[in-house]
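Letter by letter, the chains look like this.
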Amino acid sequence: MHAPPRPPVTRRGDDVDEIHGVSVSDPYRWLEDPDAPETRAWVKAQQAVTDAWLAEIPARDRIAARLREVFDFERFGAPFRRGEQIFWLHNTGLQPHSVLFRKRDPQAEPEVVLDPNTLSDDGTVGLSSLAISRDGRWLAYGVSDGGSDWSTLRIRDLETGEELPDLVQWVKFCAPTFLPDGSALLYSRFPASGDGPKGTHTAANKDHQLWLHRLGTDQADDVMLFARPDHPDWVMSAEVHSDANLVTIHVSAAAGDDNALWMADITGSEVGPVRPLVPRFDAVHWPVTVVGRELVLQTDWEAPRHRLVAVDLDRPEREHWRELVPEGEDALVEASRTGDRVFLRTLHHAHTRVATFRIAEAGGRVALQPAGDVALPGVGTAAGFHGRPEHRDTYFVFSSFVQPSTVYRFDLDTDTVSVHFAPEVPFDVDDLHVEQIFVDSPDGTAVPAFVCWKGELVRDGSRPCLLYGYGGFAQSLVPQFRTSLVPWLELGGLYVSANLRGGGEYGRAWHQAGKRGDKQRVFDDFLAVAEHLVAQRITSPRKLAVHGHSNGGLLVGAVLVQRPELFGAAIPAVGVLDMLRYHTWTIGHAWADEYGTADDPEAFGVLLEYSPLHNVRERAYPATLVVTADHDDRVVPAHSFKFGAALQHAQQGDAPVLLRIEERAGHGASKPLSKIIDEDADIFAFLVRALDVTP
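What comes next concerns the included structure. Treat the numbers as computed from the prediction; the structure is a model and nothing was measured.

## Brief notes about the packing of helix H1 (residues 37-55) against helix H9 (residues 638-650)
Put simply, H1 and H9 touch, their axes get as near as 13 Å, and they point 60 degrees apart. For the element pair H1 / H9, the angle class is oblique. Here the hand of the crossing between H1 and H9 comes out left-handed. Where H1 abuts H9, its residues Thr39, Trp42, Val43 and Gln46 lie against Phe641, Ala645 and Gln648. Residues of the contact of H1 with H9, tallied by class, amount to 4 nonpolar, 3 polar and no charged.

## Thoughts on the packing of aromatic side chains
Applying the stated criterion across every chain, the model contains 27 aromatic pairs. Relative to Phe281, the ring of Trp234 has its centre 5.0 Å away and its plane inclined at 50 degrees; by these criteria the two rings are tilted. One end of the pair, Trp234, is in the loop between strand S15 (223-227) and strand S16 (235-241); the other, Phe281, is in the loop between strand S20 (275-278) and strand S21 (285-291), with 47 residues separating them in the sequence. Seen from their ring centres, Phe343 and Phe385 are 5.2 Å apart, and the 25 degrees between their planes marks the pair as stacked. With a gap of 42 residues between them, Phe343 in strand S26 (residues 341-348) and Phe385 in the loop between strand S29 (381-384) and strand S30 (393-399) connect regions that are remote in the sequence. Given the relative accessible area of 1%, Phe343 is considered buried. Cluster of aromatic residues (ring-pair linked, three or more members): Phe343, Phe385, Phe396, Tyr408 and Phe410.

## Details of the pattern of salt bridges
In total, this model carries 57 salt bridges according to the counting rule given. Between Glu270 and Arg214 there is a salt bridge whose closest N-O contact spans 2.9 Å. Of this pair, Glu270 sits in strand S19 (residues 270-271) while Arg214 sits in strand S14 (residues 209-214), placing them 56 residues apart in sequence. Judged by its relative accessible area of 44%, Glu270 falls in the partly exposed class. The shortest N-O distance in the salt bridge between Arg228 and Asp230 comes to 2.9 Å. Taken together, the shared-partner salt bridges connect Asp17, Asp26, Arg29, Glu32, Asp578, Arg581 and Lys642 into one network.

## Re unusual backbone geometry
Backbone geometry places His349, a non-glycine residue, at a positive phi of 50 degrees. Positionally, His349 belongs in the loop between S26 and strand S27 (351-362). Using a relative accessible area of 30% as the deciding quantity, one classes His349 as partly exposed.

## Digging into the packing of helix H5 (residues 519-535) against helix H6 (residues 551-562)
H6 packs onto H5 with a crossing angle of 70 degrees between their chain directions and a minimal axis gap of 10 Å. The angle between H5 and H6 falls in the class roughly perpendicular. When H5 is examined against H6, the residues Lys519, Gln520, Val522, Phe523, Phe526 and Leu527 are found in contact with a partner set consisting of Asn551, Leu554, Leu555, Ala558, Val559 and Gln562. Here the contact of H5 with H6 is composed, by residue class, of 8 nonpolar, 3 polar and 1 charged.

## With respect to the sheet that holds S27
Strand order in this open sheet of 4 strands is S25-S26-S27-S28, and the pairing throughout is antiparallel. Each edge of the sheet is formed by a strand with only one pairing partner; in this case those strands are strand S25 (331-338) and strand S28 (365-373). Neighbour-to-neighbour, the strand axes of this sheet turn through a mean angle of 30 degrees, independent of strand direction. Across 8 bridges, S26 lies against S27 in antiparallel orientation. When the sheet's bridge partners are listed, Leu344 is paired in S27 with Ala355.

## Quick word on the nonpolar core
Within the largest apolar cluster, 122 residues are counted, with the highest numbers of intra-cluster contacts made by Tyr595, Phe686 and Leu687. The greatest single-element share of this core, amounting to 10 residues, is contributed by helix H10 (residues 673-690). With sequence-adjacent residues up to four places away left out, Phe686 is seen in contact with Trp53, Leu54, Ile57, Ala569, Ala570, Ile571, Ala623, Thr624, Leu625 and Leu658. Grouped together as the second largest cluster of nonpolar side chains are 19 residues, Leu179, Leu186, Trp234 and Val251 included.

## Concerning the sheet that holds S30
Read across the open sheet, the 4 strands follow the order S29-S30-S31-S32; overall the sheet is antiparallel. Unpaired on one side and paired on the other, S29 and strand S32 (416-421) mark the two borders of the sheet. Between one strand axis and the next, the sheet turns through 35 degrees on average, direction left out of account. Judged from the 4 bridges that link them, S29 and S30 form a sheet pairing that is antiparallel. Across the sheet, residue Ala383 finds its bridge partner in S30, namely Val397.

Criteria and cut-off values
Residues numbered from 1 in each chain as written. Predicted model: local features only at pLDDT ≥ 70, side-chain atom pairs only at ≥ 80, totals over all residues. Heavy atoms only, no water. Axes fitted to C-alpha atoms, helices over the stretch in contact; angles between N-to-C directions. Helix = DSSP H or I, 4+ residues; strand = E, 2+ residues; numbered from the N terminus. Parallel < 35°, antiparallel > 145°, perpendicular 65-115°, else oblique. Left-handed = near helix turned anticlockwise from the far one by under 90°. Contact = heavy atoms within 4.5 Å. Nonpolar A, V, L, I, M, F, W, Y, C, P; charged D, E, K, R; others polar. Phe/Tyr/Trp six-rings, centres within 6.5 Å; stacked < 30°, edge-to-face > 60°. Buried < 20%, exposed > 50% of the residue type's maximum accessible area, 1.4 Å probe, protein only. Salt bridge = Lys/Arg side-chain N within 4 Å of Asp/Glu carboxyl O. Pairing = 2+ DSSP bridges. Core = buried A, V, L, I, M, F, W, Y, C linked by side-chain atoms within 4.5 Å.

This is the structure in structure tokens:
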């Protein structure tokens, strides 16, 4: 490796916190303000060093060019219906964002409904949400600026093409939805404060609220439907069940964990009083459909891998629940309805299976009868299967590590699957291979992982390998095609995706085994996979890189400071890296149930033991690229700024510690394709140099 770059000298302050009798120094506290002149100057200096180091890699431009080539193919999303109209997302190849199209009827010509590429010259303004009224006339869409989680809702009349003057602001973590008659919109927001959303990059987001906006009116006239100032940490959203004239309100007290439900009746443009449906935060509850006066509910209450129950809307107490589909051997991911069918997507060792059940009703009581499985084209991931009771077909997207996303149609009358759209890709997929392995963690738990490669796999330890993980918030890493990996695989690189505890691959117990005081199990799982890859000579420590985003950035930061000798490179991206202060910024407080907080003496001890920032020691670290965005308002850049500065200060080896700080970008949502390509090109160029890969 070439001589390491000289990072800018980062001023060390004298901030010290006394937490439960323990003195904790925080020398880079000043980096927490992203807009301070000193921080901005530091960011520019860091990025200049990183840019100069990457510019010395001849392969960087070739990788970027190849990424543009492999992304340049037509892509479709799964179609969906509103009234007689069919809508879908489409990208010609290198468009920054996909475009919303429709057909007014099956024989009509496609027409553009909304092109987000017209919202800005550089693609940094994108869509955060879409909602279309039941009859297909009204479109509500959220606009996000510079990757922020904050968005503004706008409304368009799809009959006339007219943009309404309505502007709905202070919206965040919101999936807007129309009332059945299309006269009003339900949305979630935070209270207005300070100098507007752009001034709230780090301030804690509290007091989420559910509001009703009537089309053609000013936001000042909106009606608050549900708020709980006595529980400022709650986050809420609404779902409208049009056929039942019912709205259910989903409330979470901790992201990715248990939730409660409230409900209200809808009459025209009016929403009645909110009343409890399942007001307890002791399980996961997801409404599926309403049949008569019974709600079909997906829940993990008394069923860690989830089941379906019938809930009488007039007697919603649990003693009146009836089981419709019992818990199975595989974790139930999602249940959805189209026509007279309910589709159950389950995970079998992290890949999708889909079962269907026919809806029956007798005496006002719903029943579900097994109706066979959906034939999938292989081991991969299927998503979709949404529709309405009157529809006789539905669409889904299937992809795997070796099959690009393909759109399929399922015919409910014949139970057959047909290809609706198969992409013509500008690269060879025939020589791509995948193998699922199972690795024993230190406590004996079998941890799945998928190994992907191109060509022949020679087990001599010489192959560069990129190991990816997440392990948190009940989120599952499932087989999906990643176009950006094509150049890496063509360079001879391996890609490994690990299904760690803390995720949702095996249901509630798998998640619970990797949260709060048991978080170290997630890191142990990841390290076990890494050690297995080395022991089997699939790769070697000097050729092994680790990568993860967000909670996965925490994972990479933790294993980096615990076992730096095991890796040749590390890429913690937009990571949660300061575990003692994460809950004080933006929406971090909502992660308290996943991690615990330093406010609690017992949790403080656990967090201090593994917090990446607080476990950086003077020693040799592998080449590290810390990736963040200058105004990420979900996992604020202070995490990455402070961690990167601490690593640079402590580095005793020759490997570089670099920060890649994206401008006009956030946590990852609404990022234009050009920025995705630039980031991937930098990451793969970094790996080429750090792991000594021959281009």
